[in-house]
Amino acid sequence: MDDHTILAGEDNFGNVSVCPGGVVHVNLVHVSLKFLPQDFVRLCELVAKARQNLDAPPAAGGKHRLHVVPSETEKDQTPDPTS
């Protein structure tokens, strides 16, 4: 990583660097991701949209944003109420 150029970093969290080959490396404490530059831009746009939605107040009277569905295993173990 000595030949990488650090684009951004935050202590105790991670950094973003680019290697001489142009690949963008996102290095966090427990995960590292590698992107082509155009895909890194798309990731940033996706995260920016997610951040806007996270910060947005919930819609009044709207449906819950999180819907828990049973797994296939749970479906198989649930008795059929019609039998």
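Please read all numbers here as calculations on a predicted model, not as lab measurements.

Draft legend 1. Quick peek at a nonpolar patch on the surface. A grouping of F13, L28, V31 and L33 is seen on the molecular surface, where their side chains present a nonpolar patch of about 320 Å² in accessible area. Note on placement: F13 falls in the loop between β1 (5-10) and β2 (14-18).

Draft legend 2. Region of interest: the layout of surface pockets. Here the largest pocket is characterised by a volume of approximately 320 Å³. Taken together, 14 residues form the lining of the largest pocket, with F13, N15, V16, V26 and L28 sitting closest to its centre. Taken together, the elements giving at least two residues each to the lining of the largest pocket come down to β1, β2, β3 (24-28) and α1 (37-55). At four residues, α1 tops the list of elements feeding residues into the lining of the largest pocket. A breakdown of the residues in the lining of the largest pocket according to their chemical character gives nine nonpolar, four polar and one charged.

Draft legend 3. Inspection of the nonpolar core at higher detail. Formed by V16, V18, V24, V26, F35 and F40, the largest nonpolar core amounts to six residues. Those residues within four positions of V24 in sequence are excluded, and the remaining contacts are V16, S17, V18, L33, K34, F35, P37 and F40.

Draft legend 4. Structural context of unusual backbone geometry. Non-glycine residue N12 carries a positive phi angle of around 60°. Residue classification places N12 among the exposed residues on the basis of a relative accessible area of 78%.

Draft legend 5. Highlighting the packing of aromatic side chains. One pass over the structure, following the stated rule, counts one aromatic pair. Measuring from centroid to centroid gives 6.3 Å for F35 and F40, while their planes differ by 50°, and the two rings are tilted. Residue F35 shares its accessibility class with F40, and that shared class is buried.

Each value, and the rule that gives it
Residues numbered from 1 in each chain as written. Predicted model: local features only at pLDDT ≥ 70, side-chain atom pairs only at ≥ 80, totals over all residues. Heavy atoms only, no water. Patch = residues over 30% accessible without salt bridge, like charges linked within 9 Å, V, L, I, M, F, W, Y side chains within 5 Å. Areas by Shrake-Rupley, 256 points an atom, 1.4 Å probe, with all protein chains shown as cover. Salt bridge = Lys/Arg side-chain N within 4 Å of Asp/Glu carboxyl O. Helix = DSSP H or I, 4+ residues; strand = E, 2+ residues; numbered from the N terminus. 1 Å grid on protein atoms, 1.4 Å probe; cavity = no way out; pocket = protein on both sides within 12 Å on 5 of 7 lines; lining within 4 Å. Points joined across faces, edges and corners; volume = space filled by probe spheres on them. Nonpolar A, V, L, I, M, F, W, Y, C, P; charged D, E, K, R; others polar. Core = buried A, V, L, I, M, F, W, Y, C linked by side-chain atoms within 4.5 Å. Buried < 20%, exposed > 50% of the residue type's maximum accessible area, 1.4 Å probe, protein only. Contact = heavy atoms within 4.5 Å. Phe/Tyr/Trp six-rings, centres within 6.5 Å; stacked < 30°, edge-to-face > 60°.

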